[in-house]
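Descriptive structure summary
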Amino acid sequence: MTDSPLRDQWHRLPSTVTDWLFDNPGCVIIPRTLSAEISAALDQPLTWDVHGETSLSEEDVEFIRMKAHEHSDGKPDTGYTFFDSVQP
């Protein structure tokens, strides 16, 4: 991605990027729109492929997984509420 690991630049990333990384902690390729946001926030060019996407190093992926785990509250969001009822 850049010469320095993502760990060193994390505080400079916009919330749209960090939110996407939290939602997709296993992705090794960042879409071009997010790559452009990262490049603008860091004021340095990223290594892009022909599609404008950026590949993450294994170190960066592990760091993102750690940050995503810290960010979550430990409870999976199921999207529904369970109501226990008693039947006659």
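The present account deals with the structure reproduced in this document.

**Remarks on helix H4 (residues 58–71)**
In a regular helix each residue adds 1.5 Å, so 14 residues correspond to 20 Å; H4 covers 20 Å between its end C-alpha atoms and thus fits that length. For H4, the set of buried residues is Asp60, Val61, Phe63, Ile64 and Ala68. Take H4 and look down its axis: the buried residues cluster within an arc of 160°, on one side only. Residues of H4 that are exposed and point more than 90 degrees away from the buried face comprise Glu58, His69 and Glu70. On its buried face, H4 sits against helix H1 (6–9) and helix H2 (15–23).

**Structural notes on helix H3 (residues 32–42)**
All buried positions along H3 are accounted for by Leu34, Ser35, Ile38, Ser39 and Leu42. Buried residues along H3 cover an arc of 140° about the axis, so they all sit on one side. Exposed side chains of H3 directed beyond 90 degrees from the buried face belong to Thr33 and Ala40. Tucked into the core, H3 has its buried residues touching H1, H2, strand E1 (29–30) and strand E2 (54–55). One or two steps after H3, the chain reaches Asp43, where phi turns positive at roughly 55°.

Rules and cut-offs
- Residues numbered from 1 in each chain as written.
- Predicted model: local features only at pLDDT ≥ 70, side-chain atom pairs only at ≥ 80, totals over all residues.
- Heavy atoms only, no water.
- Helix = DSSP H or I, 4+ residues; strand = E, 2+ residues; numbered from the N terminus.
- Expected span 1.5 Å × (residues − 1).
- Buried < 20%, exposed > 50% of the residue type's maximum accessible area, 1.4 Å probe, protein only.
- Arc of directions from axis to C-beta.
- Contact = heavy atoms within 4.5 Å.

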